[in-house]
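Architecture and fold: a report
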Amino acid sequence: MDFHPKFTIGAFSLVVLVIFTRSSAYGGNILYEGNATVDEGEPFTISCFLTLFDPVQWEKDGKVIVSEPGPTSAYTFHEESVDGKVMASLVVKKASPQHSGSYRCNTLSTESHQIYVISAASELTPNRDYDGYKVLNYAEPLVLTCNESNPSPDFVMKWLKNGKPIHTSEGERPNIVIKNTSLTINRAMDDDVANYTCQLVNVKANNSVVASADFWVVGKPFVKIQETVTVIEEEKLKLECIVLGKPAPTVEWRVGNRTYDQSDGRVKLSTDPNKGIKNNILELEPVQMSDRGEIVCSGHNVATTIFDPNEAKVFVRVKDKYAALWPFLGICAEVIVLCAVIFIYEKKRNKAELEESDTDQSPEQKNTPDHGKDSVRHRK
């Protein structure tokens, strides 16, 4: 059979053009448009642009779409010519989790478009305390919890501290335990006062954040003071209230039936510059006998209310200013009395001895001028 040279050249050129066009399309020139993520229940559209010579055949995760993926969801297909190319569109009116996957509009193409369907928005309920704060009690466990309203196996909880992820796997924070939707800090201290965030992320949607909630953790004041103190009347009493807390608390004092947050009269309040706790030092001068009793110091910041103070008490004993003199005077009195008793006793004893010596000498035993004569017997 003879072939006409022109026909042969034309047919060959057409074959080369078709092969070049298809190879260009399959080499990565198919373009896709559409959102990468879509909320459950919302519509979405995927569009692809291919040449006039490329057949349109939609598939999901390597399987040709031949029917509806679910009882309540349906695909709709559209094709139109745009600037010498074919724009093929796949439309879903109501997205469901089963629509997540990789879509291709041509089975021979290596290009695809990934769709992630985010399950119905889940709300997080954090276990905050009053006024939106989470209160930290020193040296006690701090537990932060974010409860999900719509749990999903695609969701994972992540925790941040001051905007930075919290890592526990490498022993960075051995006192922190993250389990399910809770974060526990054992024996919480000042360093644990911070802004914490729980984030619910969809691991199948490039870790996109589904919901989040914040905790502003504040340290409730921890107050300590000596239990008893003794002071002498009209001298100065100085007390220091040891306080921990973040933000830095202020201190109030209750002396008798009155509360002091600033100096007034005999009560003078000052701040230890090394500790920076306002009004943590009280000076009472001069001390009066009526000051005997309890003095209370309390710490306040955003973690406390007027109904929930943290306070410590000291019992003040007031001694009479002459108290040290009374024992001395007592000893002196005892010595005087003892000396008087001894003196009287000795005087009486000497007098008794003199009287006794006078009584023992009878008249017959006294020496008289005739005594010698009477005592001599004369012989006849």
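In what follows, the accompanying structure is described. (Residues numbered from 1 in each chain as written. Predicted model: local features only at pLDDT ≥ 70, side-chain atom pairs only at ≥ 80, totals over all residues. Heavy atoms only, no water.)

A few words now on the packing of aromatic side chains. Aromatic ring pairs are described here by two measures, namely the spacing of the ring centres and the angle between the planes. Inspection of every chain in the model, using the stated rule, returns three aromatic pairs. Seen from their ring centres, Tyr75 and Phe77 are 6.5 Å apart, and the 25 degrees between their planes marks the pair as stacked. The exposure class assigned to Tyr75 is buried, which follows from its relative accessible area of 13%. Take Phe77: its relative accessible area is 40%, and that puts it in the partly exposed class. Residues Tyr75 and Tyr103 carry aromatic rings whose centres are separated by 6.3 Å and whose planes lie at 70 degrees to one another, so their mutual orientation is edge-to-face. Within this pair, whereas Tyr75 is found in strand β6 (residues 75–82), its partner Tyr103 is found in strand β8 (residues 101–104), the two being separated by 28 residues in sequence. Take Tyr75 and Tyr103: they sit in the same class, and that class is buried. Here a set of aromatic residues connected by ring pairs shows up, and it is made of Tyr75, Phe77 and Tyr103. (Phe/Tyr/Trp six-rings, centres within 6.5 Å; stacked < 30°, edge-to-face > 60°. Buried < 20%, exposed > 50% of the residue type's maximum accessible area, 1.4 Å probe, protein only. Helix = DSSP H or I, 4+ residues; strand = E, 2+ residues; numbered from the N terminus.)

What follows deals with the sheet that holds strand β25 (residues 281–284). Hydrogen bonding along the main chain pairs the strands of a sheet, whether they run parallel or antiparallel. The strand order β20-β25-β24 describes an open sheet built from three strands, whose pairing is antiparallel. Strand pairing shows two members of the sheet lacking a second neighbour, β20 (237–240) and β24 (267–270), which therefore form its edges. Within the sheet, the average angular offset between the axes of one strand and its neighbour, ignoring direction, is 15 degrees. Examined bridge by bridge, β20 and β25 share four bridges and lie antiparallel to one another. Looking at the pairing, Leu239 lines up with Leu282 of β25. (Pairing = 2+ DSSP bridges. Axes fitted to C-alpha atoms, helices over the stretch in contact; angles between N-to-C directions.)

Before going further, it helps to spend a moment on the nonpolar core. Nonpolar side chains in soluble globular proteins tend to be buried together. With 24 residues, the main nonpolar core has Leu237, Leu239, Trp253, Leu282, Ile295 and Cys297 as its most contacted residues. Residue assignment for this core shows that the elements contributing at least two residues are β19 (228–232), β20, β22 (250–255), β24, β25, β26 (293–300) and β27 (310–319). Among the elements that line this core, the one with the most residues is β27, at four residues. By size, the runner-up hydrophobic cluster in this structure holds 23 residues, among which are Tyr138, Leu142, Leu144 and Ile166. (Core = buried A, V, L, I, M, F, W, Y, C linked by side-chain atoms within 4.5 Å.)

A full pass over the atoms with the stated rule returns three disulfides. What pairs with Cys48 in a disulfide is Cys105, and their sulfur atoms sit 2.2 Å apart. Residues Cys48 and Cys105 are joined through a disulfide that is right-handed, its torsion about the S-S bond being 120 degrees. Here the residue Cys48 occupies a position in strand β3 (residues 44–50), and Cys105 occupies one in the loop between β8 and β9 (113–118), the gap between them amounting to 57 residues. Disulfide pairing places Cys241 opposite Cys297 at an S-S distance of 2.2 Å. Residues Cys241 and Cys297 are joined by a disulfide whose S-S torsion is about 65 degrees; by sign, that bridge is right-handed. Here Cys241 is found in the loop between β20 and β21 (242–246), whereas its partner Cys297 is found in strand β26, with 56 residues between them in sequence. The pair Cys241 / Cys297 is uniform in exposure class, with both members buried. In the protein chain, the bonded cysteines, taken in the order they occur along the sequence, pair up as 1-2, 3-4, 5-6. (Disulfide = S-S within 2.5 Å.)

To continue, consider the pairing of strand β16 (residues 182–185). Side chains of β16 alternate between two faces, with Ser182 and Thr184 and Leu183 and Ile185 buried alike. Across four bridges, the pairing between strand β12 (residues 142–148) and β16 is antiparallel. Within β16, the position partnered with Leu142 by the bridge is Ile185. Looking at chain direction, strand β15 (residues 176–179) and β16 are connected through four bridges and run antiparallel. Bridged to Lys179 within β16 is Ser182. The antiparallel pairing of β15 with β16 creates a hairpin that spans two residues between the two strands, and Asn180 there sits at a positive phi of about 55 degrees.

Omega for the peptide link from Lys246 to Pro247 comes to -5 degrees, which places this bond in the cis form. Here Glu285 and Pro286 are connected by a cis peptide whose omega angle stands at -5 degrees. Along the polypeptide, Pro286 turns up in the loop between β25 and β26. One non-glycine residue, Asp61, lies in the positive phi region at around 55 degrees. Secondary-structure assignment places Asp61 in the loop between β4 (59–60) and β5 (63–64). A positive phi angle, near 65 degrees, is found at Asn279, a position not held by glycine. For Asn279, the position within the fold is in the loop between β24 and β25. Classification of Asn279 as buried rests on a relative accessible area of 9%.

Keep in mind these values describe shape, not function.
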